[in-house]
Amino acid sequence: MKILFAASEGAPFVKSGGLGDVAGALPAALTKIPNTEVCVFLPYYESIKHNSAFQIEYVCHFYMPLAWRSTYVGIFKAVIKNRGVGKNKRNDLVYYFIDNEYYFGRNGYGYHDDGERFAFFSKAILESLYHIDFVPDIIHCNDWQTGFIPLFYKAFYASSERLSRIKTLYTIHNIEYQGKADPPFVQEVLGVDSRWQGAVMFDGLVNAMKSAIVLADRLTTVSDTYSHELKYAYFASGLECIIGQNAYKMSGIVNGIDTVSYDPAKDTKIVSPYRSADISGKAENKRHLQERLSLPVQADTPIVAIISRLVVHKGMELCEYIGERIASSGVQLVVLGTGDKRYEDYFKFLAYNYPHNVSANIYFDDGLARQIYAGADFLLMPSKSEPCGLSQMIAMRYGTLPIVRETGGLVDTVPPLNTETLEGLGFTFKCFNAHDMLEAVHRAAGFYQDRPKMERAIKSAMRVDWSWKNSAAKYMDIYRSLVE
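Chains are numbered independently. Their residues run from 1 in the order of the written sequence. Under the rules for a predicted model, residues below a pLDDT of 70 receive no local features and side-chain atom pairs below 80 are neither given nor counted, while totals for whole chains, interfaces and linings still include all residues. In computing side-chain properties, one takes all heavy atoms of the structure into account and sets aside hydrogens as well as water.

**Considerations on the overall build of the protein**
Reasoning step 1: Runs of E in the DSSP output that reach at least two residues are strands. Runs of H or I that reach at least four are helices, and both are numbered from the N terminus. Secondary structure summary: the protein contains 20 helices and 18 strands in total.
Reasoning step 2: Our radius of gyration is a C-alpha quantity, and the globule rule it is checked against amounts to 2.2 Å times the number of residues to the power 0.38. Against the 2.2 N^0.38 benchmark of 23 Å for 484 residues, the protein shows a C-alpha radius of gyration of 23 Å, consistent with a compact globule.
Reasoning step 3: By its C-alpha atoms, the protein is 65 × 55 × 40 Å across when sized along the principal axes.
Reasoning step 4: A 1.4 Å probe rolled over the protein chains alone gives each residue an accessible area, and that area as a share of the maximum for its type sets the label: buried under 20%, exposed over 50%, partly exposed in between. When burial is assessed residue by residue, the protein has 58% of its 484 residues classed as buried.
Reasoning step 5: When contacts within the protein are restricted to residue pairs at least 6 apart in sequence, those whose partners lie at least 24 apart make up 71%. We call two residues in contact whenever any of their non-hydrogen atoms come within 4.5 Å of each other.

Structure, rendered in structure tokens:
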């Protein structure tokens, strides 16, 4: 099985969010499955090109039509070696980079021409298959930035003898970002004829995600619950009818996390390593975190952490409404992240008024994030919607129990904790309501005081396998069903 994984970001080369983690970890997990070859295509951003830590080599270049343009496409390559031996032998993971200084001599997203940039990227991936020694069975596309791949494939490449057997799978990571453009984009950038107008247009605009949903051979989302939620207007950002029409080809597969990187027994960024068999080091990490953030060092005071983008759909309006009551409820609140100025300012205000109970860190730092995962007692995720979520799984890996709203991947990964039998993994609340969230925080804080039960719950959470192994196997089942 040959799989091409197309994404706009991917660790370890470039990462701005959860997609970067997925594009780094899922392909690596797939290479561990026998008889599987995987390559990942990424844009050759400026930050990758000028980073001497990456061993990247030139492969070739050519020119490609993009509507009326003739565009330069450079192909570069990096190989990540795998060390499997014997029965565990596995293929190396190959990264290809699409180079064009005009489009990618800058980093990430947020530019006025993002639609054109990623349309170029999508077509260049397909065109490159004439120039490299790799023809995939499956092209796995991710989010709107690669949403035009199924369109370009069917319009220009499916009739090619070399590429005619390729199947496409499209994963929706976050339906809020759909890749919209004005109608002239069809002729000016995509260069497809009127036969494809119906697949590309939605609500008067070009829509990359809608195009992929309609034209891909299979669809997935990043959790089973999210795949069902997307059929409803509350979650689907206008695409509920399109999702409903194509639900027959949709599956939900929960993401995993990199359990090698996120391992409290080996993480060099925390002060005291620990494992599920002996969690004594967690207390030392808590003490260090309180000292670092200038909070009173109190072992008997639970720390509730928020590690998040500070935006509406992450539930920050609930925190804004009830934050002072949390701050005065006998817990310490630690916040790490950036986002809307409204919420950044609110947490600064909260920390100013409750300096012994609240620490607001309005930036992002991976080292501090890991120290919070290791030192906090609970992680609060009151999301309005959450396609999958990674933070709750990372937190449990470090023995920090989640407090979550029952939505999307949070439902699939955090079964409610029964405080008597200790079945379940965290504290949950159903309605998007600030008082329900506060009640869940109070339940968690009360449970914290029963130290024997709290320690047993921590150990249970740490023992759950959040690796990509199971998820990769489910993706492989879908790939095989397409090919066969």
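**Description of the sheet that holds strand β7 (residues 167-172)**
Within a sheet, each strand pairs with its neighbour through backbone hydrogen bonds, oriented either parallel or antiparallel.
Reasoning step 1: One open sheet accounts for 9 strands, arranged β3-β4-β5-β2-β1-β6-β7-β11-β12; its pairing is mixed. The strands lining the two open edges of the sheet, one partner per strand, are β3 (57-66) and β12 (250-252). Each strand axis lies, on average, 25° off the axis of its neighbour in the sheet, ignoring direction.
Reasoning step 2: Should DSSP find at least two bridges between two strands, the strands are taken to pair. Note: β7 against strand β11 (residues 218-221), 4 bridges, orientation parallel. If you follow Thr-171 over to β11, its bridge partner there is Thr-220. Angular values range over 0 to 180 degrees, each being the angle between N-to-C directions of two axes fitted as lines to C-alpha atoms, with helices fitted over their stretch in contact.

**Topic: the nonpolar core**
A general trend in soluble globular proteins is that nonpolar side chains are found buried together.
Reasoning step 1: Among buried residues, the Ala, Val, Leu, Ile, Met, Phe, Trp, Tyr and Cys ones that are joined through side-chain atoms within 4.5 Å form a nonpolar core. Ranked by internal contacts, the top residues of the largest apolar core, which has 100 residues, are Ile-98, Ile-172 and Leu-190.
Reasoning step 2: In this view, Leu-190 contacts Ala-119, Phe-148, Leu-151, Phe-152, Phe-156, Phe-185, Val-200 and Val-206; residues no more than four positions away in its chain are not counted.
Reasoning step 3: Judged by nonpolar contacts, the second largest core, of 76 residues, contains Ile-279, Ile-306, Met-381 and Val-441.

**Digging into the packing of helix α13 (residues 316-327) against helix α18 (residues 434-448)**
Reasoning step 1: At a closest axis distance of 9 Å, the pairing of α13 and α18 adopts a crossing angle of 40°. Taken together, the axes of α13 and α18 are oblique relative to one another. At the point where α13 passes α18, the crossing takes the right-handed sense. Here Leu-318, Cys-319, Tyr-321, Ile-322, Arg-325 and Ile-326 of α13 come into contact with α18, specifically with Ala-434, His-435, Met-437 and Leu-438.
Reasoning step 2: For the contact of α13 with α18, a count of residues per class yields 8 nonpolar, 1 polar and 1 charged. Note on angle classes: values under 35 degrees are labelled roughly parallel, values over 145 roughly antiparallel, values of 65 to 115 roughly perpendicular, and the remainder oblique. Helix crossings fall into two classes, left-handed where the near helix is turned counterclockwise from the far one by less than a right angle and right-handed where it is turned clockwise. All residues other than Ala, Val, Leu, Ile, Met, Phe, Trp, Tyr, Cys, Pro, Asp, Glu, Lys and Arg, Gly among them, are scored as polar; the first ten of these are nonpolar and the last four charged.

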